[in-house]
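Working through the structure, step by step
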Amino acid sequence: MKVSVIDTSTVWMRNKLIAAQIECLPSDTPIDPTEHRWWGLYVGTELAGFASLDPETGYLSRAGVLPAFRGRGGQLKLIKAREKAARALSLPLLTSDTYNNPASANNLIACGFRMYQPSFPVDGVCYWRKPLQ
Ligand SMILES: CC(C)(COP(=O)(O)OP(=O)(O)OC[C@H]1O[C@@H](n2cnc3c(N)ncnc32)[C@H](O)[C@@H]1OP(=O)(O)O)[C@@H](O)C(=O)NCCC(=O)NCCS
């Protein structure tokens, strides 16, 4: 599995990202792929997963691995690719949050994230951050 930057300039790619978000996160409203930066997890030419980063704030805004490709370390690769990009942008901090999601939480911990308590936490949400500088 390889991770590469996704060019969201085509309608075809944007629709593919929206469909993948709906498949992986059916309860969430898909993020508009023209917002933020996006990476794809690929097996050959097949999209196996996706992830996004808000380049203004360092927020890991979305990630998913399609069911057929889960359990193979794809999410770790997607976190690492976004961290590399954030460092290249000289962002001071990465943040994320998870809800009822031990797999994601464990992958964030494996990448060096720690939990923190924001000023106005939402019940049940785990908040994560990793200083980059
Ligand atoms: C959470 C998610 C991104 C993890 O992606 P992944 O690339 O499968 O992550 P990993 O390979 O590290 O596997 C995660 C866990 O799922 C387990 N797993 C193995 N095969 C699996 C399968 N076929 N289906 C689901 N989980 C599986 C793994 O064993 C692992 O658990 P472990 O760390 O205790 O061994 C993915 O399950 C997903 O897209 N879920 C729905 C969307 C979502 O939750 N997005 C993240 C929002 S914060």
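A short tour of the structure in this document, coming up. (Residues numbered from 1 in each chain as written. Predicted model: local features only at pLDDT ≥ 70, side-chain atom pairs only at ≥ 80, totals over all residues. Heavy atoms only, no water.)

1. What to know about the packing of aromatic side chains
Counted according to the given criterion, the structure contains two aromatic pairs. Considering the side-chain rings of Trp38 and Phe50, the 6.4 Å spacing of their centres and the 40° angle between planes classify their relative orientation as tilted. Of this pair, Trp38 sits in strand S2 (residues 37–43) while Phe50 sits in strand S3 (residues 46–54), and the two are 12 residues apart along the sequence. Taking relative accessible area as the criterion, Trp38 reaches 2% and is therefore assigned buried. The exposure class assigned to Phe50 is buried, which follows from its relative accessible area of 0%. When the centroid spacing of 6.1 Å and the interplanar angle of 65° are considered together, the rings of Tyr116 and Tyr127 count as edge-to-face. With Tyr116 in strand S6 (residues 114–116) and Tyr127 in strand S7 (residues 125–131), the pair connects residues that are 11 residues apart, well separated along the chain. (Phe/Tyr/Trp six-rings, centres within 6.5 Å; stacked < 30°, edge-to-face > 60°. Helix = DSSP H or I, 4+ residues; strand = E, 2+ residues; numbered from the N terminus. Buried < 20%, exposed > 50% of the residue type's maximum accessible area, 1.4 Å probe, protein only.)

2. Concerning the nonpolar core
Grouped together as the largest cluster of nonpolar side chains are 32 residues, with contacts concentrated most on Ile6, Leu53, Leu60, Leu94 and Phe113. Among the elements of the structure, helix H1 (11–24), S2, S3, strand S4 (59–65), helix H2 (74–88) and helix H3 (102–110) are those that each provide at least two residues to this core. What Phe113 contacts, discounting residues up to four positions off in sequence, is Leu60, Ile79, Leu94, Thr95, Leu108, Trp128, Arg129 and Lys130. (Core = buried A, V, L, I, M, F, W, Y, C linked by side-chain atoms within 4.5 Å. Contact = heavy atoms within 4.5 Å.)

3. Considerations on the site of the ligand
Near the ligand, the surroundings consist of 15 residues, among which Ala63, Val65, Gly71, Gly73 and Asn101 are the closest. The contact in question runs from an oxygen atom of the ligand to an N or O atom on the backbone of Arg72, over 3.0 Å. Separating an oxygen atom of the ligand from a backbone N or O atom of Gly73 is a distance of 2.7 Å. Here the ligand, which alone exposes 910 Å², has 59% of that area covered by the protein. The cavity where the ligand resides is the largest pocket. Elements with a contribution of two residues or more to the shell around the ligand: S4, H2 and H3. Of the residues that constitute the shell around the ligand, the class distribution is five nonpolar, eight polar and two charged. (Near = heavy atom within 4 Å. Polar contact = N/O pair within 3.5 Å; in protein donor to acceptor, adjacent residues only side chain to side chain. Areas by Shrake-Rupley, 256 points an atom, 1.4 Å probe, with all protein chains shown as cover. 1 Å grid on protein atoms, 1.4 Å probe; cavity = no way out; pocket = protein on both sides within 12 Å on 5 of 7 lines; lining within 4 Å. Sits in = over half its atoms within 2 Å of the grid points. Nonpolar A, V, L, I, M, F, W, Y, C, P; charged D, E, K, R; others polar.)

4. A word on the side chain of Asp54
Looking at the element boundaries, Asp54 is found in strand S3. Despite being buried, Asp54 has no salt bridge partner; Arg37 is the closest side chain of opposite charge, sitting 8.4 Å away. In terms of polar contacts, Asp54 uses its side chain to reach the backbone amide nitrogen of Glu56, at 2.8 Å. Apart from the residues lying within four places of it in its own chain, the contact partners of Asp54 are His36, Tyr59 and Ser61. (Lys, Arg positive; Asp, Glu negative; His and termini not counted. Salt bridge = Lys/Arg side-chain N within 4 Å of Asp/Glu carboxyl O.)

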